Structure formats: structure tokens, C-alpha cells
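Residue-level listing of the chains:
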Amino acid sequence: PNLGLVSYGGSTNNNILPITFHSPSVIYDEVETDSSKRYKMAGSQSRTYRAAYSPDGLHWTQYANPITTGGAVCTLAQNPDSGEYLFFFKKTHKYLGKTRRLV
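Values in this document were obtained by computation on a predicted structure and should not be read as measured data.

(A) A look at the overall build of the chain. Across its full length, the chain carries 0 helices and 9 strands. Expressed as a percentage of its 103 residues, the buried residues of the chain come to 27%. For the chain, contacts bridging at least 24 residues in sequence account for 26% of all contacts bridging at least 6. Entry remark: accessible area of the chain is about 6900 Å², with carbon and sulfur atoms responsible for 53%. In the chain, 11 side chains carry a positive charge and 7 a negative one; their mean positions are 22 Å apart.

Structure follows, in C-alpha cells:
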């Protein structure tokens, strides 16, 4: 849909969001009491993992970032019983003498 939020090529007739995370993962937080933080997002940006929040899934504010170093694919989830956030991400690590990407 045309969101009209970001100018690209001289036009806002697009569906671009004003946040530049690579491979973002978004959740709707039913437990959150602050309606301005109902949606949560995590993704990579400039070789770090970062997080943001939004009241509507369109207008985003970044948290104090970064979460951690690295930066590729990640998944954000929430435990439905405790409300605890779960963040799974890839990171380079030495394992058995070789460099590997681990989760």
C-alpha cells in the first residue's frame, strides 16, 4: 500500500518505512502497557543488532542501541506466558579451531 512516509526518487508514493534495519523481525506486544511501544522490531544495521518500538507499526523510534555486535539475520519473539522477549541472532565464533556462524 502507499504509505506516503518516505520520499524516494522524488515521490512519497511508496510503501517504504522510515527505519533502515536489514532483515527486521517485528512482534505485536499484547502485554505492553505503554501504547506507544505496542510493536517491537529488531534488525541489523551497520554491523550491529538494533531495536525499535512503534505505536502503529509504521512510525518507529529506536531504543538506545546497539543491542549487541554482529549483524545478519535475527528473530525477535515473545514468550506468551511470561512476556519475556527472546532474541535469536547469528554471530561469528571460533569453534573447534574454525570460524563459524552460530546462533
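Having seen it, we continue.
(B) Structural detail: a nonpolar patch on the surface. Judged by side-chain polarity, Tyr-95, Leu-96 and Leu-102 come together as a nonpolar surface patch covering roughly 320 Å² of accessible area. Checked against the element boundaries, Tyr-95 lands in strand S8 (residues 91–95). On the basis of relative accessible area, Tyr-95 is assigned to the partly exposed category, the value being 44%.

(C) Looking closely at the packing of aromatic side chains. Evaluated as defined, the whole model comprises 5 aromatic pairs. A centroid spacing of 5.2 Å and a plane angle of 55° characterise the contact between Tyr-49 and Phe-89, whose relative ring orientation is tilted. You can see Tyr-49 sitting in strand S3 (residues 48–54) and its partner Phe-89 sitting in strand S7 (residues 85–89), a full 40 residues away along the chain. Exposure remark for Tyr-49: the relative accessible area of 0% places this residue in the buried category. Given the relative accessible area of 23%, Phe-89 is considered partly exposed. Chaining the aromatic ring pairs together yields one cluster made of Tyr-49, Phe-87 and Phe-89.

(D) Spotlight on the pairing of S3. The element S3 is extensively covered by neighbouring structure, given that 7 of its 7 residues are classed as buried. Neither face of S3 is exposed, since Thr-48, Arg-50, Ala-52 and Ser-54 on one face and Tyr-49, Ala-51 and Tyr-53 on the opposite face are all buried. Remark: 2 residues form the turn of the hairpin made by strand S2 (residues 39–45) and S3, two consecutive strands paired antiparallel; Ser-46 in that turn has positive phi of roughly 55°. Bridging between S3 and strand S5 (residues 68–69) involves 2 bridges; their strand directions are antiparallel. Within S5, the position partnered with Tyr-49 by the bridge is Thr-68. Pairing geometry for S3 and strand S4 (residues 61–62), over 2 bridges, is antiparallel. Each bridged residue has a counterpart across the sheet, and for Tyr-53 the counterpart in S4 is Thr-61. Connecting the antiparallel pair S3 and S4 is a turn made up of 6 residues, with Gly-57 showing a positive phi of about 80°.

About the cut-offs
- Residues numbered from 1 in each chain as written.
- Predicted model: local features only at pLDDT ≥ 70, side-chain atom pairs only at ≥ 80, totals over all residues.
- Heavy atoms only, no water.
- Helix = DSSP H or I, 4+ residues; strand = E, 2+ residues; numbered from the N terminus.
- Buried < 20%, exposed > 50% of the residue type's maximum accessible area, 1.4 Å probe, protein only.
- Contact = heavy atoms within 4.5 Å.
- Areas by Shrake-Rupley, 256 points an atom, 1.4 Å probe, with all protein chains shown as cover.
- Lys, Arg positive; Asp, Glu negative; His and termini not counted.
- Charge placed at Lys NZ, Arg CZ, Asp CG, Glu CD.
- Patch = residues over 30% accessible without salt bridge, like charges linked within 9 Å, V, L, I, M, F, W, Y side chains within 5 Å.
- Salt bridge = Lys/Arg side-chain N within 4 Å of Asp/Glu carboxyl O.
- Phe/Tyr/Trp six-rings, centres within 6.5 Å; stacked < 30°, edge-to-face > 60°.
- Pairing = 2+ DSSP bridges.

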